[in-house]
Amino acid sequence: MRLGLVFLLIVLFYEVVSAEQHIGDRFIAGCSFQAMCEIQDSSSVNISSSIVLHLHPYVVVNPSTNPPTYRLKVNSTWRPYFIDRPEDLLGFQLNVTDKQTNESSCFTIRVENVSSFANGNRVSMLFWFWTADLFKYEHTYHVQLSSLPASTLGSIFVEQRMPDHPDALPVSSDNGLPCSVSGHRDAHRWVTAFRLVHKKPWQRAIDVEFIAAPPAYCFEAYELRLIHESKNIVQSAVVSADSLTWETMDNRFIAYGKYSFENVEPGNYRIG
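Residues numbered from 1 in each chain as written. Predicted model: local features only at pLDDT ≥ 70, side-chain atom pairs only at ≥ 80, totals over all residues. Heavy atoms only, no water.

Colleague: Can you tell me about the packing of aromatic side chains, naming the residues and giving the values?
Modeller: Evaluation of the coordinates by the stated rule reveals 12 aromatic pairs. Measuring from centroid to centroid gives 5.1 Å for F210 and Y222, while their planes differ by 55 degrees, and the two rings are tilted. You can see F210 sitting in strand β14 (residues 205-211) and its partner Y222 sitting in strand β15 (residues 221-228), a full 12 residues away along the chain. Residues F210 and Y222 agree in their burial class; the two are buried. Ring geometry for F219 against Y222: centres 5.6 Å apart, planes inclined by 70 degrees, an arrangement best described as edge-to-face. Residue F219 is classed as partly exposed on the basis of its relative accessible area, which comes to 26%. By relative accessible area, which is 11% here, Y222 ends up buried. Pairwise contacts between aromatic rings join Y70, W190, F210, Y217, F219 and Y222 into one cluster. If you follow R195 out to its NZ or CZ, it ends over the ring of Y256, 3.7 Å from the centre. (Phe/Tyr/Trp six-rings, centres within 6.5 Å; stacked < 30°, edge-to-face > 60°. Helix = DSSP H or I, 4+ residues; strand = E, 2+ residues; numbered from the N terminus. Buried < 20%, exposed > 50% of the residue type's maximum accessible area, 1.4 Å probe, protein only. Lys NZ or Arg CZ within 6 Å of the ring centre and 35° of its normal.)

If you want it as structure tokens, here you go:
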């Protein structure tokens, strides 16, 4: 009897996505691509409306350290709408400035194979750019985005404060109220990880341990799902916060959730 298990992993990547076509891209650190764009003979990129730039920070658990550590990963997304000649777009420049330290980082994403749709409709493309460990907890950042060549609407920017470090959180919600009244503003940014997954084929069982969120996030329970490779959910369970196991590591309190999936049929699974 074979009992396989497939894990869901978070992958850092940058990619350009269109609903109807694939767009090639290349990532360049240091903005060395800008000089090439400045000598282009093409006119400015014609964008129909302002691009909205969003920053999505996530607090991601690293279970390989003891005690676990928390990495700050940020996904930057933007969606331009082109009126005509989207092939004029050569790329984007992203400038990230830490307002506390004035440290700046510059990135260029070169875009290739952009073409108009056959039906003549406006072209809309969603871009996203993942970074890990570039942003710091509790710092405020000024992020500016410019198209290459420059857009007819100019550059855009956003300022945003990053989440609090989990180790610095009090044992309550972010406004001092008990969890029964208010939760934490950063709770939805928490991404947990498995501490242990133990397959027991002779018992047709899988033991799971995961790292729970800090108490200040005010989670009441966690849902675990055993998902077959056919994408069907074969089992699910809810682990309440009251049933968590607490351990002390380096003067830190770490909570773990435990559960055992039983009567598991042979096959390949993932746990989410």
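Colleague: Describe the pairing of β14, and please don't skip the residues or the numbers.
Modeller: For β14, a buried count of 7 out of 7 residues is recorded, marking the element as mostly surrounded by other parts of the structure. Because side chains alternate across β14, one face comprises the buried residues A205, D207, E209 and I211, and the other comprises I206, V208 and F210, equally buried. Sheet analysis places strand β13 (residues 194-200) next to β14, joined by 6 bridges and oriented antiparallel. Bridging from a neighbouring strand, V197 pairs with V208 of β14. Two successive antiparallel strands, β13 and β14, enclose a turn made up of 4 residues, where R204 displays a positive phi of approximately 50 degrees. Pairing analysis gives 6 bridges linking β14 to strand β18 (residues 252-261), with the strands arranged antiparallel. By the bridge assignment for β18, I206 is matched with F261. (Pairing = 2+ DSSP bridges.)

Colleague: Go over the environment of E138, please, and point to the residues and values.
Modeller: As for its position among the elements, E138 is in the loop between β9 (123-132) and β10 (140-148). As for E138 and D164, which are separated by 26 residues in sequence, their C-alpha atoms are 5.0 Å apart. Ignoring any residue separated from it by four or fewer positions in sequence, one finds E138 in contact with Q100, R161, M162, P163, D164, H165 and A168. (Contact = heavy atoms within 4.5 Å.)

Colleague: Go over the nonpolar core with me, naming the residues and quoting the values.
Modeller: Ranked by internal contacts, the top residues of the largest apolar core, which has 53 residues, are W78, F92, F135, V143, L145, I206 and F261. The residues that make up this core include at least three from each of domain 1 (30-37 + 46-162) and domain 2 (194-271). (Core = buried A, V, L, I, M, F, W, Y, C linked by side-chain atoms within 4.5 Å. Domains from an automatic or database assignment.)

Colleague: Tell me about the confidence of the model for the protein, and name the residues and values.
Modeller: Per-residue pLDDT for the protein has a mean of 76; in total, 69% of the residues score no lower than 70. Mean pLDDT across the secondary structure elements of the protein bottoms out at strand β2 (residues 14-18), with 26, and peaks at strand β4 (residues 53-62), with 93. Below pLDDT 50 for its whole length, residues 1-29 participates in 87 contacts with residues either more than four positions away or in separate chains. Within the model, the stretch residues 33-42 combines pLDDT values under 50 with 13 contacts to residues more than four positions away or in other chains. (pLDDT = per-residue confidence, 0-100.)

Colleague: Give a detailed account of unusual backbone geometry, specifying residues and quantitative values.
Modeller: Cis geometry marks the peptide bond from N66 to P67, where omega comes out at 5 degrees. Looking at the element boundaries, P67 is found in the loop between β4 and β5 (69-78). With a phi angle near 50 degrees, R204 is a residue other than glycine that sits in the positive phi range.

Colleague: Outline the environment of V208, listing residues and values.
Modeller: Residue placement: V208 occurs in strand β14. Sequence-distant contacts of V208, defined by excluding residues within four places in its chain, comprise F194, L196, L224, G257, K258, Y259, F261 and I271.

Colleague: Please provide a residue-by-residue account of the pattern of salt bridges, values included.
Modeller: Applying the stated criterion across every chain yields a total of 11 salt bridges. What you see here is one network of salt bridges that share partners, running through R161, D164 and R185. (Salt bridge = Lys/Arg side-chain N within 4 Å of Asp/Glu carboxyl O.)

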